[in-house]
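Residues per chain are reported as follows:
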Amino acid sequence: MPKADGNKDRGEERPTSLLIAEIARIIRLEKGLTQEALGKLIGYTGSAVSALETGAQPVSDAMLERLEDGLGDRRGIFEAARKYILMEKYPVRFRQFSQLEAKAFAISAYQTHVVDGLFQTEDYARALIGGGYPPVPQAKVEELVEARIARKALLDRDPVSMVELILDESVLLRPFGSWEVLRGQLHSLVKDARRDNVTVQVLPLERGLKGSYAGARGSMKLVETKDHDHVVYLEIEDESILVSNRAKVSGLSQRYAKIRAQALSPDESLGLIERLAGERK
């Protein structure tokens, strides 16, 4: 069972990227190709290949696909590396959990400030990441956006994963980048909410007026693993905790169940999101 992880990002840690770059260089030389020739073969410039081999530029998922076609010789080396390269692009605090999320049997998330990363559009993710503090270099923003969007593959995975999302209503009203970006995100949420394996609910802004509001202590993500163990992931201010203690997981699960009970029904929630997106009057 995973242990609690409170690590901060500790800079760039890319051993897999460096290893793949060295493998690509060795195979290139074995084939007698210059960097320019390899670049032409896979649709990149010679300088891009040089940046890969020197470690100046981390390999992208798209380049890995091209390397598999150009150098792989059906061995699957670069294809197999894709999931490990992707993991290196995540902040260190998220890497351990990313493995659990990708293989999860079921996920239940409650978010209080932003749309959960599994459901973010590219524009929303870019505005959110690019507008954070401290500022992130643009190249790093694009890398993080690519990694975040890749997580959405879970929604189409076979075997299917059941995903439940509860959003505080304020999330649906809070724009990042522009109102157009928010509208695009709301339209995307509507589409995802209609998936057979996805349930989206909204915790109303006025819930606190009823005298009981279970969502006040912040976001959480509950995961049922493929082995049917249960863990809870918490993240705040660049710190993360993976809770596996059964008693603590039980307590957090009960709180989540109360949040779900206080939220609008899935049909009511979908109707609200549709109205905010302008799809229903």
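Located above this text is the structure these notes cover.
Model, not experiment: these values are computed from the prediction. (Residues numbered from 1 in each chain as written. Predicted model: local features only at pLDDT ≥ 70, side-chain atom pairs only at ≥ 80, totals over all residues. Heavy atoms only, no water.)

1. Observations regarding the side chain of Arg151
Here comes step 1: For Arg151, the location among the structural elements is in the loop between helix 8 (138–150) and strand 2 (162–168).
Here comes step 2: The class of Arg151 is buried, set by a relative accessible area of 10%.
Here comes step 3: In this structure the side chain of Arg151 is engaged in a polar contact, spanning 2.8 Å, whose partner is the side chain of Glu101. (Helix = DSSP H or I, 4+ residues; strand = E, 2+ residues; numbered from the N terminus. Buried < 20%, exposed > 50% of the residue type's maximum accessible area, 1.4 Å probe, protein only. Polar contact = N/O pair within 3.5 Å; in protein donor to acceptor, adjacent residues only side chain to side chain.)

2. So, the pattern of salt bridges
Here comes step 1: Applying the stated criterion across every chain yields a total of 17 salt bridges.
Here comes step 2: The partner of Asp73 in a salt bridge is Arg75, with the nearest N and O atoms 3.6 Å apart.
Here comes step 3: Using a relative accessible area of 46% as the deciding quantity, one classes Asp73 as partly exposed.
Here comes step 4: Across the pair Arg126 and Asp123 runs a salt bridge whose closest N-O atoms are separated by 3.5 Å. Here Arg126 pairs with Asp123, and both are found in helix 7 (residues 122–130), just 3 residues apart, close to one helical turn.
Here comes step 5: On the basis of relative accessible area, Asp123 is assigned to the partly exposed category, the value being 48%. (Salt bridge = Lys/Arg side-chain N within 4 Å of Asp/Glu carboxyl O.)

3. Details of helix 7
Here comes step 1: Regarding helix 7, the residues found buried are Tyr124, Ala125, Leu128 and Ile129. The buried residues of helix 7 occupy an angular sector of 120 degrees when the element is viewed end-on, so they sit on one face.
Here comes step 2: Where helix 7 is buried, its residues touch helix 8 and helix 9 (179–193). (Arc of directions from axis to C-beta. Contact = heavy atoms within 4.5 Å.)

4. A few points about the environment of Arg280
Here comes step 1: Topologically, Arg280 is positioned in the segment after helix 11 (266–277).
Here comes step 2: With 223 residues separating them in the primary sequence, Arg280 and Gln57 have C-alpha atoms 45 Å apart.
Here comes step 3: Residue contacts for Arg280: discarding those within four places in its chain leaves Gly271, Glu274 and Arg275.

5. Looking at helix 9
Here comes step 1: Taking 1.5 Å of rise per residue, 15 residues should cover 21 Å, and helix 9 covers 21 Å from first to last C-alpha, within 8% of that figure.
Here comes step 2: Taken together, the buried positions of helix 9 are occupied by Val181, Leu182, Gln185, Leu186, Ser188, Leu189, Val190, Asp192 and Ala193.
Here comes step 3: The secondary structure elements touched by the buried residues of helix 9 are helix 7, strand 2, strand 3 (198–203) and helix 11. (Expected span 1.5 Å × (residues − 1).)

6. Some points on the side chain of Glu143
Here comes step 1: Turning to its location among the elements, Glu143 is positioned in helix 8.
Here comes step 2: Sequence-distant contacts of Glu143, that is, excluding residues within four places in its chain, are made with Arg14, Pro58 and Lys89.

7. Observations concerning the environment of Val145
Here comes step 1: Among the secondary structure elements, Val145 is positioned in helix 8.
Here comes step 2: When its relative accessible area of 2% is taken as the criterion, Val145 is described as buried.
Here comes step 3: Taking C-alpha positions, Val145 is 6.0 Å from Ala125, a pair spaced 20 residues apart along the chain.
Here comes step 4: Sequence-distant contacts of Val145, that is, excluding residues within four places in its chain, are made with Glu122, Ala125, Arg126 and Ile129.

8. Overview of a nonpolar patch on the surface
Here comes step 1: Residues Leu173, Leu205 and Leu276 make up a contiguous nonpolar surface patch of about 240 Å² in total accessible area.
Here comes step 2: Among the structural elements, Leu276 can be located in helix 11. (Patch = residues over 30% accessible without salt bridge, like charges linked within 9 Å, V, L, I, M, F, W, Y side chains within 5 Å. Areas by Shrake-Rupley, 256 points an atom, 1.4 Å probe, with all protein chains shown as cover.)

9. A look at the environment of Ile241
Here comes step 1: Note on placement: Ile241 falls in strand 6 (residues 239–243).
Here comes step 2: Ile241 sits in the partly exposed class, given a relative accessible area of 42%.
Here comes step 3: It is 9.5 Å that separates the C-alpha atoms of Ile241 and Phe94, two residues lying 147 residues apart in sequence.

10. Observations concerning the packing of aromatic side chains
Here comes step 1: Counted under the stated rule, the structure contains 4 aromatic pairs.
Here comes step 2: Where Phe94 meets Tyr233, the ring centres are 6.0 Å apart and the plane angle is 80 degrees; that geometry is what we call edge-to-face. Taken together, the positions of Phe94 in helix 6 (residues 92–103) and Tyr233 in strand 5 (residues 230–236) put the pair 139 residues apart, joining distant regions of the chain.
Here comes step 3: Judged by relative accessible area, which is 9%, Phe94 ranks as buried.
Here comes step 4: Of the residues examined, Tyr233 reaches a relative accessible area of 8% and is grouped as buried.
Here comes step 5: Here the aromatic rings of Phe97 and Tyr233 are separated by 4.2 Å at their centres, their planes lie at 15 degrees, and the arrangement is stacked. A residue pair is termed long-range when its members are at least 10 positions apart, and Phe97 in helix 6 and Tyr233 in strand 5 qualify at 136 residues. Exposure class is identical for Phe97 and Tyr233. Each is buried.
Here comes step 6: Chaining the aromatic ring pairs together yields one cluster made of Phe94, Phe97 and Tyr233. (Phe/Tyr/Trp six-rings, centres within 6.5 Å; stacked < 30°, edge-to-face > 60°.)

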